[in-house]
Amino acid sequence: MNPQALNQYHDMSERVSVESIMRWLKEMIAIPSENPMAGQARPGHREKEFGEYYFEQMHQLGMTVGSREAAPGRPNVFGTRTGKGERPSLMLCGHLDTVPTEGYEEPFVPHEKDGRVYGRGSCDMKAGLACYLEVVRLLRDADVGLSGSLILCGVADEEWQMIGSREIGRNGPFADQCIIGEPSDLAVCPAHKGQFGLFIRTFGKAVHSSIPEQGENAIERMARVVNALSDYNEELASREPHPLCGHGTYIPGVIRGGDLASAVPDFCELEIDRRLLPSDAAEDVCKDITRRLEPLKQADPGFRYELSEPSWDIPANDLPVGSPVVQSLLNASRELTGQPEAARSFPGATDAPHLKTPAVVCGPGSLAQAHSLNEFVEVEQCVRATRMYLRAVCDLLI
Ligand SMILES: [Zn+2]
């Protein structure tokens, strides 16, 4: 970092305001932006209103703002603090939606206790979004001119089909590098596995249960499918690991079949979940499954199965550890904690691969609390996250 940028970083770092981060975070938690999941945008699921709120905050901070719908009533919002174009640009991206709140007592009443802020969306990931605004506030108040542009981006629907980030990946904005503030406990995570799912379907012949010998039982056939895949994880563990992500995995996740106990079932389906390494292609997963299931036809000539289109298809993410944005965050983390810090893999799938901007995941809060009925984020982590993002902005954009 050049000496001028370093000075500006230290000056702004001193001025990080807990009050302003907390005000934004609490206002955000109070807007219930629950994802409608399999349904459409509808009353009570106020992701759109939350997008409008974020748009307005960016606007008030002097950013050039825009928005576009990824689907009816599902906006993406973005703001730019334009640089002189002399350095690569940086995007800070986060999702506007939260998971549902069934069984959660007062999910939208933010409260602060013992250095934590509680409420749905607190760590996943309204804290990250609040920290981004604080970075922009600090730049504005210090009147810092940027050589590279800073873009903030709020996307719809991360918690379901990620239509928001897919839309950004088609139509922009794009940047040279990106940080996604998903709750990583501030670990710097340039890689994560992908998530791939599909249905395996077996078929049979329905007859009355009193004459099972005349029918063909689709559930029994599915049992053979489950068995044929039972050592798939051992095969995956024997393959070359990814340096950060380790091995790919497989689970049988959901099974459905039959209508009545008094009838031989003619249909059964199993949804599987396969976590992909950056080197795994979806076609190879289908080939693995087919290779294991084809032999079942020899023992049972009537055995038929089909593989559906993917029910989930989120690629893995794999940004080189040597990338400037990754190195900047690692350096910031070491400086702020005094602890050694190494790049890690993020456990879940994220918007990163859809954005078409190289992205690293690093944000306040823990996945242990995300999606739980007692979600919280530590105030100290919000402050540290703001300083880490600010450091990256000064490193990369001044
Ligand atoms: Zn999230």
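Residues numbered from 1 in each chain as written. Predicted model: local features only at pLDDT ≥ 70, side-chain atom pairs only at ≥ 80, totals over all residues. Heavy atoms only, no water.

1. Some words on the coordination of the zinc ion
Bound to the zinc ion are the protein donor atoms H95 (NE2), D124 (OD), E182 (OE) and E182 (OE), situated 1.8 to 2.8 Å from the metal. Given four donor atoms and angles of 51 to 149° at the metal, the environment of the zinc ion is assigned as irregular. Each donor residue of the zinc ion belongs to the same chain, with the gaps between them written as H-x28-D-x57-E. With D124 in helix α4 (residues 122-141) and E182 in the loop between β7 (177-180) and β8 (191-192), this pair connects stretches of sequence that are 58 residues apart. Overall, D124 belongs to the buried group, its relative accessible area being 4%. Its relative accessible area of 4% is what places E182 among the buried residues. (Donors = N, O, S within 2.8 Å, 3.2 Å for Na, K, Ca; no water. Tetrahedral: all angles 85-135°; square planar, octahedral: opposite > 155°, others 65-115°. Helix = DSSP H or I, 4+ residues; strand = E, 2+ residues; numbered from the N terminus. Buried < 20%, exposed > 50% of the residue type's maximum accessible area, 1.4 Å probe, protein only.)

2. Quick notes on the pattern of salt bridges
Tallying each qualifying case throughout the model produces 30 salt bridges. E306 serves as the salt-bridge partner of R201, at 3.2 Å between the closest nitrogen and oxygen. Within this pair, whereas R201 is found in strand β9 (residues 194-203), its partner E306 is found in strand β12 (residues 305-314), the two being separated by 105 residues in sequence. In this structure, R239 and E235 form a salt bridge, with 2.6 Å as the shortest nitrogen-oxygen distance. Taking the relative accessible area as the measure of exposure, E235 reaches 19% and is therefore buried. Among the ionic contacts, a cluster of salt bridges with common partners joins D231, E235, R239, D288, R291 and R292. (Salt bridge = Lys/Arg side-chain N within 4 Å of Asp/Glu carboxyl O.)

3. Overview of helix α6 (residues 218-228)
Within an α-helix, residues lying three or four positions from one another point in the same direction, as the helix has 3.6 residues per turn. Among the residues making up α6, those that are buried are A218, R221, M222, V225 and A228. One face of α6 carries all of its buried residues, which in axial projection span an arc of 110°. Buried residues belonging to α6 abut β9, β10 (249-257), β11 (267-276), α8 (282-293) and α9 (296-299). For α6, the N-terminal cap is N217; the gap from its side-chain oxygen to the backbone nitrogen of I219 is 2.9 Å. (Arc of directions from axis to C-beta. Contact = heavy atoms within 4.5 Å. Polar contact = N/O pair within 3.5 Å; in protein donor to acceptor, adjacent residues only side chain to side chain.)

4. Points about the packing of aromatic side chains
Per the counting criterion, the structure on display carries seven aromatic pairs. When the ring of Y232 is compared with that of Y250, the centres are 5.4 Å apart and the planes differ by 50°; the resulting orientation is tilted. Taken as a pair, Y232 in helix α7 (residues 232-238) and Y250 in strand β10 lie far apart in primary sequence, 18 residues in all. Across this residue pair, the class does not change: Y232 and Y250 are buried. The ring of F50 has K126 sitting right over it, with the charged end atom 4.4 Å from the ring centre. (Phe/Tyr/Trp six-rings, centres within 6.5 Å; stacked < 30°, edge-to-face > 60°. Lys NZ or Arg CZ within 6 Å of the ring centre and 35° of its normal.)

5. Quick word on the sheet that holds strand β13 (residues 317-318)
Hydrogen bonds between backbone groups are what pair the strands of a sheet, and the pairing can be parallel or antiparallel. In spatial order, the strands read β13-β8-β14; together these three strands make up an open sheet with mixed pairing. Strand pairing shows two members of the sheet lacking a second neighbour, β13 and β14 (345-346), which therefore form its edges. Summarising the sheet, β8 and β14 pair through two bridges and their orientation is parallel. By the bridge assignment, H192 is partnered in β14 with F346. (Pairing = 2+ DSSP bridges.)

6. Here's the deal with the side chain of D97
Following the sequence through the fold, D97 ends up in the loop between β3 (90-95) and β4 (111-113). R74 is the oppositely charged side chain nearest to the buried, salt-bridge-free D97, at an N-O distance of 5.2 Å. A polar contact of 2.8 Å, which involves the side chain of D97, links it to the side chain of N35. A distance of 3.1 Å separates the side chain of D97 from the backbone nitrogen of E158, its partner in a polar contact. With near-sequence residues (within four places) excluded, D97 lies in contact with S33, N35, E47, D124, V155, A156, D157, E158 and E159. (Lys, Arg positive; Asp, Glu negative; His and termini not counted.)

7. Focus: the domain arrangement of the protein chain
Quite often, the size of an interface is put as the accessible area lost when its parts meet. Splitting the protein chain by domain gives domain 1 (3-192 + 316-397) and domain 2 (195-314). Domain 1 and domain 2 are separated by 38 Å when their C-alpha centres are compared. Summed over the three residues of domain 1 that lose the most area to domain 2, namely A316, D318 and A349, the buried surface amounts to 36% of that side. Our count for the domain 1 to domain 2 interface comes out at zero salt bridges. For the pair domain 1 and domain 2, the interface holds one residue pair in polar contact (both at pLDDT 80 or more). (Domains from an automatic or database assignment. Buried area = accessible area lost by both parts, 1.4 Å probe.)

8. Notes on the state of the cysteines
Going through the model one piece at a time under the given rule, you end up with zero disulfides. C123 carries a free sulfur, and the closest cysteine sulfur to it, the one in C382, is 9.6 Å from it. Here C394 is not disulfide-linked; the sulfur of C131 is the nearest cysteine sulfur, at 15 Å. We classify C394 as buried; its relative accessible area is 1%. (Disulfide = S-S within 2.5 Å.)

9. A word on α4
Among the 20 residues in α4, 18 count as buried, and that is most of the element. Positive backbone phi, approximately 55°, marks D143, located one or two places after α4.

10. So, the environment of E134
Locating E134 in the fold gives a position in helix α4. The sequence separation of E134 and V18 amounts to 116 residues, and the corresponding C-alpha distance is 9.2 Å. Excluding residues within four positions of it along the chain, E134 makes contact with R15, V16, S17, S20, I21, W24 and T386. A distance of 2.8 Å separates a polar atom in the side chain of E134 from the backbone nitrogen of S17.

11. Some remarks on the packing of helix α1 (residues 3-14) against helix α11 (residues 379-397)
Two elements in contact, α1 and α11, have axes whose closest approach is 9 Å; the angle formed by their N-to-C orientations is 160°. Taken together, the axes of α1 and α11 are roughly antiparallel relative to one another. The way α1 lies across α11 gives a crossing that is right-handed. Taken together, the residues of α11 that come into contact with α1 (itself represented by A5, L6, Y9, M12 and S13) are R387, L390, R391 and C394. Here the residues of the contact of α1 with α11 are counted per class, giving six nonpolar, one polar and two charged. (Axes fitted to C-alpha atoms, helices over the stretch in contact; angles between N-to-C directions. Parallel < 35°, antiparallel > 145°, perpendicular 65-115°, else oblique. Left-handed = near helix turned anticlockwise from the far one by under 90°. Nonpolar A, V, L, I, M, F, W, Y, C, P; charged D, E, K, R; others polar.)

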